[in-house]
Amino acid sequence: MAVSTAARELHLKRGEFIIAVHLGLVRVSTQRGEGSPRVHREEIERLRARDGFPDVLRERVRAVGTAEGARLIGISAGRFTKLARAGCFTPITFYLNRYRAVVWLYLAEELAGFAAREPLLLTGRSPAWVRDRLEGGADQRARNWRVRRVGRLMALTDDPWARAAVLAGTLDPLRVAELIDEPSERARLAGIRPEPVLAPTVPPHAQDTMARLMRAEEPEEALRRQADLIAEVDRARRIRPVPRTDADCRGHGPGHRLADADEQGPGRRTATTDQSVQAIRPALETESDTNTNTNTNTGAGPARAPAFPLTPAPLAASATDSLGTSKRKRKRERERRHVPERVSGTTARATSVRAVLARLRLRGLTSRRPHR
């Protein structure tokens, strides 16, 4: 049955059903090629046959906000927010209010367990590590929520390309294009979407906020996601390689190494940005030392020799004589017209600036009008 029908059968709201799937309380299945997940009738009957249905199930998926969560564990709302920003507990979901601000929700069951485990954090002065994080402007809520969501989505599927698509959704598309240089593979990742049942519902005008919240923000988190994406794509290439298209054969963008990819076969590995920088660093150093516009080899190894000599070739005798005659002729013309010799760039600029200022000063004196 559809997700909406399964939620009604379990006496759950849509948000509560999403949390139940996220926690693994309700198992869903997605057929290959179908976008929406389905729930088997046997799964519904299994949950309805449990003792205390539906109250027990609804209590396990109960989510509370900051104010209600603070009352639940007996602290102020301000202290609750500080503990959440420090990463003491992880949000389970969120929604956007009318001001498009993110409102985080937490599992009531997890908050009760935290209060029982860490009673010292609820009273007295906060520990030094909590104060240090807050003074540094840390806010772990979005990152912890992404870690939790990515982990659950990765556990729901065994398809390597689907797992790679989950990781690619946490990175900027430009970064994904740098890590994966095959258009067919990028199209495969873009065509796979995470389970829509696990995506919080937001209005159309808040899609930008939702997309920004989904992506890794901190450099450490982004680097970890990039490494995980490269590993998953390598695994997917070995298990189920994507057929190459004409765009792959033509190459795309600078630095595309088609020959190396053909030699490595389906199990080829895409070089990361750091590896590319390390590969072209010898060429860059050679270019900066010679201070010439020479072509360098972007692969490993020394740079190519310049295609033209670095020192100018000696002029022919006739060319030297003609140049000397031209110089003597220009010198005689300057002496006759009393034109000064050409000065250095700095002196010429200073002279021109002084001349402009003098002209402007004289113009201001001649056009000055008395003010009323």
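Note that the structure is predicted; figures quoted are calculated from it, not measured.

### Points about the overall build of the chain
Here comes step 1: Counting its regular elements, the chain contains 19 helices and three strands.
Here comes step 2: A burial count over the chain gives 33% of its 372 residues as buried.
Here comes step 3: Sequence-distant contacts in the chain: of pairs separated by 6 or more residues, those separated by 24 or more amount to 70%.
Here comes step 4: Within the structure as shown, the chain displays about 23,900 Å² of accessible surface, and the carbon and sulfur contribution to it stands at 53%.

### Observations concerning the sheet that holds strand β3 (residues 102-107)
Here comes step 1: Strand order across the open sheet formed by three strands is β1-β3-β2, with antiparallel pairing between neighbours. This sheet does not close on itself; its edge strands, each paired only once, are β1 (63-64) and β2 (93-96).
Here comes step 2: Summarising the sheet, β1 and β3 pair through two bridges and their orientation is antiparallel. Bridge pairing in β3 places alanine 63 opposite leucine 107.
Here comes step 3: Helix α7 (residues 108-117) rests against β1 and β3 of the sheet, and its axis sits at about 70 degrees to β3.
Here comes step 4: Against the sheet, helix α9 (residues 141-155) makes contact with β2 and β3, and its axis sits at roughly 55 degrees relative to β3, the strand it touches most.

### Observations regarding the pattern of salt bridges
Here comes step 1: Inspection of every chain in the model, using the stated rule, returns 18 salt bridges.
Here comes step 2: Here arginine 143 and glutamate 218 are joined by a salt bridge, their closest N and O atoms 2.6 Å apart. Here arginine 143, found in helix α9, pairs with glutamate 218, found in the loop between α13 (207-214) and α14 (219-239); they are 75 residues apart in sequence, far enough to count as distant.
Here comes step 3: When its relative accessible area of 15% is taken as the criterion, arginine 143 is described as buried.
Here comes step 4: Residue classification places glutamate 218 among the partly exposed positions, given a relative accessible area of 30%.
Here comes step 5: Across the salt bridge formed by arginine 240 and aspartate 159, the nearest N and O atoms sit 2.7 Å from each other.

### Focus: the nonpolar core
Here comes step 1: Phe80, Leu83 and Phe89 are the most contacted members of the largest nonpolar core, which totals 27 residues.
Here comes step 2: For this core, the secondary structure elements donating two or more residues are α5 (66-73), α6 (77-85), β2, β3, α7, α9 and α13.
Here comes step 3: Examining the composition of this core, we find that four residues originate from one element, α7, more than from any other.

### Some remarks on unusual backbone geometry
Here comes step 1: Omega for the peptide link from phenylalanine 53 to proline 54 comes to 0 degrees, which places this bond in the cis form.
Here comes step 2: Within the secondary structure layout, proline 54 lies in the loop between α3 (41-48) and α4 (55-60).

### Comments concerning the pairing of β3
Here comes step 1: By the bridge criterion, four bridges tie β2 to β3 in an arrangement that is antiparallel. Residue pairing for β3: leucine 96 is matched across the bridge by valine 102.
Here comes step 2: Here β2 hands over to β3 after five residues, with arginine 100 in that stretch at a positive phi of 65 degrees.

### Some words on the packing of α9 against α14
Here comes step 1: At a minimum axis distance of 12 Å, the contact between α9 and α14 shows a crossing angle of 10 degrees. On the basis of their axis angle, the class for α9 and α14 is roughly parallel. In contact with Arg143, Arg146, Val147, Val150 and Met154 of α9, α14 contributes Glu220, Glu221, Arg225 and Glu232.
Here comes step 2: Class assignment for the residues of the contact of α9 with α14 results in three nonpolar, no polar and six charged.

### Looking at α3
Here comes step 1: Looking only at α3, the buried set comprises Glu43, Ile44 and Leu47. Take α3 and look down its axis: the buried residues cluster within an arc of 100 degrees, on one side only.
Here comes step 2: Each element contacted by the buried residues of α3 is listed here: α1 (3-9).

### Some words on the confidence of the model for the chain
Here comes step 1: For the chain, mean pLDDT is 74; residues scoring 70 or higher make up 63% of the total.
Here comes step 2: Taken together, the stretch residues 252-323 has pLDDT below 50 and engages in 58 contacts with residues farther than four places along the chain or on a different chain.
Here comes step 3: The model gives residues 339-347 a pLDDT under 50, and that stretch makes five contacts with residues more than four places away or in other chains.

### Structural notes on the packing of aromatic side chains
Here comes step 1: For the coordinates displayed, the defined rule picks out seven aromatic pairs.
Here comes step 2: Pairing phenylalanine 89 with tyrosine 106 gives two aromatic rings, centres 5.6 Å apart and planes at 90 degrees, and the pair type is edge-to-face. Remark: tyrosine 106 occurs in strand β3 and phenylalanine 89 occurs in the loop between α6 and β2; sequence separation between them is 17 residues.
Here comes step 3: Taking the relative accessible area as the measure of exposure, phenylalanine 89 reaches 6% and is therefore buried.
Here comes step 4: Relative to tryptophan 145, the ring of tryptophan 104 has its centre 6.1 Å away and its plane inclined at 55 degrees; by these criteria the two rings are tilted. Taken as a pair, tryptophan 104 in strand β3 and tryptophan 145 in helix α9 lie far apart in primary sequence, 41 residues in all.
Here comes step 5: One aromatic cluster in this structure is built from Phe80, Phe89, Tyr106 and Phe114.

Cut-offs applied
Residues numbered from 1 in each chain as written. Predicted model: local features only at pLDDT ≥ 70, side-chain atom pairs only at ≥ 80, totals over all residues. Heavy atoms only, no water. Helix = DSSP H or I, 4+ residues; strand = E, 2+ residues; numbered from the N terminus. Buried < 20%, exposed > 50% of the residue type's maximum accessible area, 1.4 Å probe, protein only. Contact = heavy atoms within 4.5 Å. Areas by Shrake-Rupley, 256 points an atom, 1.4 Å probe, with all protein chains shown as cover. Pairing = 2+ DSSP bridges. Axes fitted to C-alpha atoms, helices over the stretch in contact; angles between N-to-C directions. Salt bridge = Lys/Arg side-chain N within 4 Å of Asp/Glu carboxyl O. Core = buried A, V, L, I, M, F, W, Y, C linked by side-chain atoms within 4.5 Å. Parallel < 35°, antiparallel > 145°, perpendicular 65-115°, else oblique. Nonpolar A, V, L, I, M, F, W, Y, C, P; charged D, E, K, R; others polar. Arc of directions from axis to C-beta. pLDDT = per-residue confidence, 0-100. Phe/Tyr/Trp six-rings, centres within 6.5 Å; stacked < 30°, edge-to-face > 60°.

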